[in-house]
Amino acid sequence: MPAAIHDSIHFSWTALRAYPARTLLMLIAMAIGVAAVIILTALGDGARRYIASEFSSLGTNLVLVFPGYSKTSGLGSLAMVNATPRDLTLNDAQALSRNSNIRRIAPMNIGSVNASFGGRSREVPVIGTSHEFLKLRHWQLAQGSFLPVTDLDRATPVCVIGSKIQNELFTAQSPLGQWLRLGERRFRVIGVLATEGRSIGIDVQDIIIIPVASAQQLFNTPSLFRILVEAKNRFAIKPVKQFIIEQLKQRHQGKRDVTVITQDAVLATFDRILSTLTYAVGGIAAISLAVAGILIMNVMLVAVSQRKTEIGLLKALGAPQTQIIHLILFEAMMLSALGAVLGLILGELGCYALRQFFPELPAYAPLWALLASMAVSLLAGLVFSLLPARQAARLDPVLALTGK
Amino acid sequence: MIELSNIHRDFKVGDQSVHALDNINLSIHPGEYISIMGPSGSGKSTLLNLIGLLDSASKGTYLLNQQDVTVLHEREKAAIRSQTIGFVFQAFHLIPRLTAAENIELPLILAGIAPEQRQPRVQKAISDTGLSDRADHTPDQLSGGQRQRVAIARATIMQPKILLADEPTGNLDQKSGQDVIAILEQLNQQGISLIIVTHDAHIGLRAKRQIQMLDGRIQSDSHLNSNPGTSPGTSPPRQDQANASSHT
């Protein structure tokens, strides 16, 4: 007959308390393992969520059109940007605008030119695009207005600047209405971007936006870097993608030479990569749990030899082998359970500290990591104390009572 | 109640075989008070462990309440130890981190008895041994005599039929030793079979039946003198027992 649970708890608890140094060391080992799993998976999952939110800050229901086409889908196409068989043109962009599923369309050119005002000048990234760009990217204006509503091919000499440009080139005076020199041309500042906007690879505070036709003149190129298309809603994304491919194929003599990727696809790819990464670091951290398990085995083996007379006594008092095994296993399980709970607290504290230091990283450990680390530590405690428990159960009571 | 016939117990020491018990024949009835005496290495502790099912015979049969226990499994032997046999050791073997009351309670816990049934029995055992004001003390806060009284309470809490005491006074001063013997004898008067292994002739001679051992054999058994023929074996003269005192 096995002893009742609360008796086992009491008995094991007194044993754990009787050897505070070994209990503390064990708890720390197990806690570090569990905390490592929690913090590392929180980092991985935080990175995944960070990327996801960055991508949705690009805009909603976006379809991106790149020049060039390779058979690989998704991110692989980014590598093809430079090897372009046929350019995307403004006419291509205009041709795409005639579809009811498309809400906004913004062609995009990007380059770097020298901007100067008064005596100050510096190299600045310049984006050439259309008036729909602002809403498509969910950016805000701090003052003035955005690019005017005109035909795409009109090169109006106006520009919208980021707040950092404003501070560095115009210092104290208001930039609105001033003429800013970009390369060999002059542009009138009509607006300033708010600082809130964020986007991958682009610092909104440190750019200048001009009409796409002006940018083509400035960079002396007839082609576009890419075309951003916003579908009417989530369900329109697929037909829009299909429409773009068909339309551009027609315009390019039946050759498919553009890559069309949807925001969803990119997001899904990143999601997959970062989830895999999270599992991987979680797995690596779990190795420390296994190490803690081996430590448990060591400690329990020592405990068994330290307490030989006690085990001999329990046998003399009528405890069968199974009961001895149960008691040793229970003690180890209690040790690893306490360590796991301690690790949980430690891990959550670590995640909290991470969020304090890196506010933009949502470092929350996923639920599966919490559950898995608990389960693995309990399992390690169980598996690695089987050997010590069997050893205790097999002690000869006569020899054990004499401490041999 | 206890029926040992042709019991041998051999230990392997290196490549040599040592006969700790050599053809033991012994019959013990309920309620007997027996002392087993003899020099170190004479096999008296081995005999006690064997009777208590902590050790098993290499050869021979052991009937306990008409049941052959030499063929029992480990679990069944443990159950018999739990229900029928109580042990008192020279070194007390109290668990140092448990209080006196918890040490006494231990056999009840191991036997799976519910807490509400355990408490009154533990309380009674504590007051019977006169340790009421020491119940919450750990063993290191108790004197030797008190520790052995706790150990006796623990050995008898399951109300066993047989109480086995291996040098119960070996670690005690004379006064405490006498107290412990008095408690044990009182238990015997209440019907428990008491078997004491001892070096001390003064204690050994108090027993109604005295067994002398030497080199794993029973040298004399006072019981045989009064009841000749119950068991085979030699019965040397009684004065041999006096020699035992020279070993203490």
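The model shown is predicted, which means the values in this text are computed figures rather than measured ones. Each chain has its residues counted from 1, running along the sequence as written. Chains carry letters from A onward and ligands carry numbers from 1 onward, assigned in written order. Confidence filtering applies because this is a predicted model: local features only for residues at pLDDT of at least 70, side-chain atom pairs given and counted only at 80 or more, and all residues used for totals across whole chains, interfaces and linings. As a rule here, side-chain values cover all heavy atoms of the structure and leave hydrogens and water aside.

## Describing the interface of chain A and chain B
- Whether two residues touch is decided by their heavy atoms; if any such pair falls within 4.5 Å, the residues are in contact. Between chain A and chain B, the residue contacts involve 28 residues of the former and 24 residues of the latter.
- Both sides of the chain A and chain B interface together cover about 2,300 Å² of buried area, and 61% of this is carbon and sulfur.
- For this document, the term salt bridge refers to a Lys or Arg side-chain nitrogen within 4 Å of an Asp or Glu carboxyl oxygen. Where chain A meets chain B, there are 2 salt bridges.
- Here a polar contact means two N or O atoms within 3.5 Å. Within protein one must be a hydrogen donor candidate and the other an acceptor candidate, and residues neighboring in sequence count only if both atoms are side-chain atoms. Taken together, chain A and chain B are joined by 9 residue pairs in polar contact (both at pLDDT 80 or more).
- Numbering of helices and strands runs from the N terminus; a helix is a DSSP stretch of H or I covering at least four residues, while a strand is a stretch of E covering at least two. Breaking the side of chain A that touches chain B down by element, the ones donating at least two residues are helix H1 (5–18), helix H9 (308–316), helix H10 (321–357) and helix H12 (397–401) of chain A.
- Among the elements that make up the side of chain A that touches chain B, the one with the highest residue count is H1 of chain A (7 residues).
- Nonpolar residues are Ala, Val, Leu, Ile, Met, Phe, Trp, Tyr, Cys and Pro. Charged residues are Asp, Glu, Lys and Arg, and all others, Gly as well, are polar. Grouping the amino acids of the side of chain A that touches chain B by side-chain chemistry returns 15 nonpolar, 8 polar and 5 charged. Summed over both partners, the accessible surface that disappears when two parts come together, traced with a 1.4 Å probe, is what is meant by buried area.

## Notes on the pairing of strand S9 (residues 209–214) of chain B
Residues and elements named next belong to chain B.
- Along S9, 5 of the 6 residues are buried, which leaves the element largely enclosed by surrounding structure.
- Summarising the sheet, strand S3 (residues 33–37) and S9 pair through 4 bridges and their orientation is parallel. Directly across from Ser-35, in S9, lies its bridge partner Gln-210.
- By the bridge criterion, 4 bridges tie S9 to strand S10 (residues 217–221) in an arrangement that is antiparallel. Bridging across to S10, Gln-212 finds its partner in Ser-220.
- A pair of strands is considered paired only if DSSP assigns at least 2 bridges between the two. Hairpin geometry of S9 and S10 is characterised by an intervening segment of 2 residues between the two adjacent antiparallel strands and by a positive phi of about 50 degrees at Asp-215. Exposure classes here rest on a 1.4 Å probe applied to the protein chains alone. A residue is buried below 20% of its type maximum, exposed above 50%, and partly exposed in between.

## Details of the packing of H1 of chain A against helix H2 (residues 20–57) of chain A
All names here are of chain A.
- An axis is simply a line fitted to the C-alpha atoms; with a helix, the fit covers only the stretch in contact. Between two such axes, the angle follows the N-to-C directions and lies from 0 to 180 degrees. At a closest axis distance of 5 Å, the pairing of H1 and H2 adopts a crossing angle of 100 degrees. One finds that H1 runs roughly perpendicular with respect to H2. Contacts from Ala-15, Leu-16, Arg-17 and Ala-18 in H1 reach Pro-20, Arg-22 and Thr-23 in H2.
- Residue composition of the contact of H1 with H2, grouped by class: 4 nonpolar, 1 polar and 2 charged. Comment on the angle field: the value is read as roughly parallel under 35 degrees, roughly antiparallel over 145, roughly perpendicular from 65 to 115, and oblique elsewhere.

## A closer look at the packing of aromatic side chains
Residues and elements named next belong to chain A.
- For Phe, Tyr and Trp, rings pair up if their centres lie within 6.5 Å, where Trp contributes its six-membered ring, and each pair is then called stacked (planes under 30 degrees apart), edge-to-face (over 60) or tilted (otherwise). On inspection of all chains with the given rule, the structure shows 4 aromatic pairs over all chains.
- Aromatic side chains Phe-117 and Phe-170 sit 4.3 Å apart centroid to centroid with 40 degrees between the ring planes, which places their arrangement in the tilted category. Of this pair, Phe-117 sits in strand S2 (residues 102–117) while Phe-170 is found in helix H5 (residues 163–170), placing the two residues 53 residues apart along the sequence.
- Between Tyr-279 and Trp-368, the aromatic rings sit 4.9 Å apart at their centres with planes inclined by 45 degrees, giving tilted as the arrangement.

## Things to note about the nonpolar core
- To form a nonpolar core, buried Ala, Val, Leu, Ile, Met, Phe, Trp, Tyr and Cys residues must be joined to one another through side-chain atoms within 4.5 Å. In this structure, Ile-2, Leu-4, Ile-24, Leu-47, Ile-51, Tyr-62 and Ile-195 of chain B are the most contacted members of the largest nonpolar core, which totals 77 residues.
- No other element matches H10 of chain A, which puts 10 residues into this core.
- Setting aside its immediate chain neighbours within four residues, Leu-4 of chain B contacts Ile-24, Asn-25, Leu-26, Leu-47, Leu-50, Ile-51, Thr-61 and Tyr-62 of chain B.
- By size, the runner-up hydrophobic cluster in this structure holds 36 residues, among which are Leu-94, Ala-101, Ala-153 and Ile-157 of chain B.

## A few points about the sheet that holds strand S2 (residues 16–28) of chain B
All names here are of chain B.
- Across the sheet, 4 strands lie side by side as S2-S1-S4-S5; this open sheet has antiparallel pairing. Two strands lie at the open edges of the sheet, namely S2 and strand S5 (67–68), each paired on one side alone.
- Bridge analysis of strand S1 (residues 2–13) against S2 gives 9 bridges, and the strand direction is antiparallel. Counted as the bridge partner of Val-13 is Gln-16 from S2.

## Remarks on helix H2 (residues 74–84) of chain B
- All of the buried residues in H2 of chain B are Lys-77, Ala-78, Ile-80, Arg-81, Ser-82 and Thr-84 of chain B.
- Tucked into the core, H2 of chain B has its buried residues touching H9 of chain A together with strand S4 (59–64), S5, strand S6 (85–88) and strand S7 (162–166) of chain B.

## Quick word on the sheet that holds S10 of chain B
Residue and element names in this part refer to chain B.
- What the 6 strands build is an open sheet, ordered S6-S7-S8-S3-S9-S10; its pairing is mixed. In this open sheet, the two edge strands, each paired with only one partner strand, are S6 and S10. Direction aside, neighbouring strands of the sheet carry axes that sit 20 degrees apart on average.
- As judged from the 5 bridges shared by S7 and strand S8 (residues 193–198), these two strands associate in the parallel manner. In the strand pairing of S8, Asp-166 is matched with Val-197.
- Set on the sheet, helix H5 (residues 144–156) makes contact with S6 and S7; between it and S6 the angle comes to about 170 degrees.
- Contacting S3, S7 and S8, helix H6 (residues 174–189) runs over the sheet at an angle of about 150 degrees to S8.

## What to know about unusual backbone geometry
All names here are of chain B.
- One non-glycine residue, Asn-23, lies in the positive phi region at around 55 degrees.
- Its place among the elements puts Asn-23 in strand S2.
- Positive phi, normally seen in glycine, also occurs at Gln-66, with a value near 65 degrees.
- Owing to a relative accessible area of 72%, Gln-66 belongs among the exposed residues under this scheme.

## Overview of the domain arrangement of chain A
- The domain limits used here are those given by an automatic or database domain assignment. Partitioning chain A into structural domains gives domain 1 (5–54 + 269–401) and domain 2 (105–233).
- Using only C-alpha atoms to locate each centre, domain 1 of chain A and domain 2 of chain A end up separated by 57 Å.

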